[in-house]
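Residue strings, one per chain:
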Amino acid sequence: MKDILTLGIETSCDETSVAVVKNGREILSNIIDTQIPIHEKYGGVVPEIASRNHIEAISRVTKKALKEANITFDDIDAITPTYGPGLVGALLVGLSYGKALSLALNKPLVAVNHIHGHIAANYLTYKDLQPPFLCLLISGGNTQLIYVKDYTEFEILGKTRDDAIGEAFDKVARVVGLGYPGGSKMDKMAKEGIPNIELPKTHFDNLDFSFSGIKTAVININHKTPNINKADLCASFEKTVTEILYDTTTRALKESNLKTLVLGGGVSANIYIRSKFLKLENKGIKVYTPDLKLCTDNAAMIASAGYYNFIDGKINDIDLNAIPNLKIN
Ligand code: KG4
């Protein structure tokens, strides 16, 4: 069978990324041009600045991705840009660029849901992984438990009712003086602390999550006790949010009778969270965690998801718009 090459284009937030992936599983190139240093001084992503920088970077990053994969546009089988969820102005840059390529090259446009991409990061990491499985999707913009029935078929079993977990990590990190984006810095700082501070946990009867209560509690404690040991506070926050994720996810595994758990999204790079979930292997659950380089936003995961949409015949019309609050089901 002929190999299928997909061109992933990712501009949903603050990374301009273009990648070439073979048959959904093999990365030929994955160029990531990050804007983090640009947004750092504002303490978070400024949407208008993000869009402008995507426009400046997109052609350059695409040329680099083709060169590194040692191919030309002619070799590509489908153009697969992200069309949501994300910042609308940022999404429109990658989507419009993808549409223009599709028209100019007469190649199919296959749009990708960014969350589907985070799940697919695992197909690039583990060549043997196949649905069905349960995915705990933990990122800067989303926190969801997703029943992945097939490569392009999903059901949301639970979701956050307020903040995404990455958002909570970033806010707490900022308050304790770690800057933006703080998730990975918190990860390091928490290792130096003792989780000795009691923090609130919100639990629901269904499989939903909430992180705004614990986030506010940490901010208040830090405000009222300026001399508190910041490493202990980070360790306590990390341990408590992990317990919230773990309790609800193990319940979802039990209720769905699924024996495979897949982590995805930027927060799945967290070492404490990964090690806590990997212990489920002792309880008969197969646990997959994505390659650290593929946890945060990148176009290879989008190209992989795009491959599965493409072979499933999910071709989009050229009038497709970006959808900032796109859901996976
Ligand atoms: O997946 P991602 O790039 O964004 C979305 O698609 O939404 O995730 C970015 C998020 C940020 O909130 C960042 O602080 C967090 O992932 N993050 C981490 C770690 N590395 C990145 N959070 C906790 N521990 C980490 N090691």
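A brief look at the structure comes next.

Rules behind the numbers
Residues numbered from 1 in each chain as written. Predicted model: local features only at pLDDT ≥ 70, side-chain atom pairs only at ≥ 80, totals over all residues. Heavy atoms only, no water. Core = buried A, V, L, I, M, F, W, Y, C linked by side-chain atoms within 4.5 Å. Buried < 20%, exposed > 50% of the residue type's maximum accessible area, 1.4 Å probe, protein only. Helix = DSSP H or I, 4+ residues; strand = E, 2+ residues; numbered from the N terminus. Contact = heavy atoms within 4.5 Å. Axes fitted to C-alpha atoms, helices over the stretch in contact; angles between N-to-C directions. Parallel < 35°, antiparallel > 145°, perpendicular 65-115°, else oblique. Nonpolar A, V, L, I, M, F, W, Y, C, P; charged D, E, K, R; others polar. Pairing = 2+ DSSP bridges. Salt bridge = Lys/Arg side-chain N within 4 Å of Asp/Glu carboxyl O. Phe/Tyr/Trp six-rings, centres within 6.5 Å; stacked < 30°, edge-to-face > 60°.

### Some thoughts on the nonpolar core
A general tendency of soluble globular proteins is for nonpolar side chains to be buried together.
Then, in step 1: By size, the foremost hydrophobic cluster in this structure holds 41 residues, and its most contacted members are Leu-136, Phe-237, Leu-245, Leu-261 and Phe-277.
Then, in step 2: Within the residue set of this core, elements represented by two or more residues are strand S6 (133-138), helix H5 (165-175), helix H6 (183-191), helix H7 (212-224), helix H8 (230-256), strand S9 (260-264) and helix H9 (271-278).
Then, in step 3: Among the elements that make up this core, the one with the highest residue count is H8 (ten residues).
Then, in step 4: Contacts of Phe-237, omitting those with residues within four sequence positions, involve Ala-168, Phe-169, Val-172, Met-186, Leu-199, Ile-214 and Val-218.
Then, in step 5: One finds Ala-78, Val-112, Leu-137 and Val-148 within the second-largest nonpolar core, a separate group that totals 33 residues.

### Quick look at the packing of helix H4 (residues 114-125) against helix H10 (residues 299-311)
Then, in step 1: Closest axis-to-axis distance for the H4/H10 pair is 7 Å, and the angle between their directions is 95 degrees. In terms of axis orientation, H4 runs roughly perpendicular to H10. Along the contact surface, H4 presents His-114, His-116, Gly-117, His-118, Ala-120, Ala-121, Tyr-123 and Leu-124, while H10 presents Ala-300, Met-301, Ile-302, Ser-304, Ala-305, Tyr-308 and Asn-309.
Then, in step 2: Of the residues assigned to the contact of H4 with H10, the class counts are nine nonpolar, six polar and no charged.

### Here's the deal with the sheet that holds strand S5 (residues 112-113)
Then, in step 1: Here we have five strands laid out as an open sheet, ordered S3-S2-S1-S4-S5, and mixed in their pairing. Every other strand in the sheet has two partners, leaving strand S3 (26-34) and S5 as the edge strands with one partner each.
Then, in step 2: As defined by bridge partners, strand S1 (residues 5-10) adjoins strand S4 (residues 78-84) across four bridges and the pair is classed as parallel. In the sheet register, Thr-6 faces S4, and the bridge partner there is Ala-78.
Then, in step 3: Its contacts with the sheet place H10 against S1, strand S2 (15-22), S3, S4 and S5, and it is angled at close to 130 degrees to S1.

### Side note on the pattern of salt bridges
Then, in step 1: Following the criterion strictly, the structure yields 17 salt bridges and no others.
Then, in step 2: Linked by salt bridges that have partners in common, Asp-3, Lys-22 and Glu-26 make up one network.

### Side note on the packing of aromatic side chains
Then, in step 1: What the rule picks out here adds up to nine aromatic pairs.
Then, in step 2: Between Tyr-246 and Phe-277, the aromatic rings sit 5.5 Å apart at their centres with planes inclined by 45 degrees, giving tilted as the arrangement. Residue Tyr-246 is found in helix H8, and its partner Phe-277 is found in helix H9; the two are separated by 31 residues along the sequence.
Then, in step 3: Between Tyr-307 and Tyr-308, the ring centres sit 4.9 Å apart and the planes meet at 85 degrees, which makes this aromatic pair edge-to-face.

### Describing the sheet that holds strand S8 (residues 153-159)
Then, in step 1: Spatial ordering of the open sheet is given by S8-S7-S6-S9-S10, a layout of five strands whose pairing is mixed. Each edge of the open sheet is held by one strand with a lone partner, namely S8 and strand S10 (286-288). Put simply, the sheet's adjacent strands are angled 25 degrees from each other on average, direction ignored.
Then, in step 2: Where S6 and strand S7 (residues 143-150) come together, six bridges link them in antiparallel fashion. Within the sheet, the bridge partner assigned to Ile-138 lies in S7 and is Thr-143.
Then, in step 3: Set on the sheet, H9 makes contact with S6, S9 and S10; between it and S9 the angle comes to about 175 degrees.

### Notes on the pairing of S6
Then, in step 1: The buried count for S6 comes to six of six residues, which makes it a mostly enclosed element.
Then, in step 2: Of the two faces of S6, the one holding Phe-133, Cys-135 and Leu-137 and the one holding Leu-134, Leu-136 and Ile-138 are both buried throughout.
Then, in step 3: Pairing between S6 and S9: four bridges, direction parallel. When the bridges of S9 are listed, Leu-137 appears paired with Gly-264.

### Details of unusual backbone geometry
Then, in step 1: A cis amide bond links Gly-84 to the next residue, Pro-85, at an omega of -10 degrees.
Then, in step 2: Summarising the element assignment, Pro-85 is placed in the loop between S4 and helix H3 (88-105).
Then, in step 3: Each neighbour pair has its own omega, and for Tyr-180 with Pro-181 the value is -10 degrees, a cis peptide bond.
Then, in step 4: By secondary structure assignment, the location of Pro-181 is in the loop between H5 and H6.
Then, in step 5: A positive phi angle, close to 65 degrees, is found at Asn-70, a residue other than glycine.

By themselves, these observations are geometric and do not establish any function.
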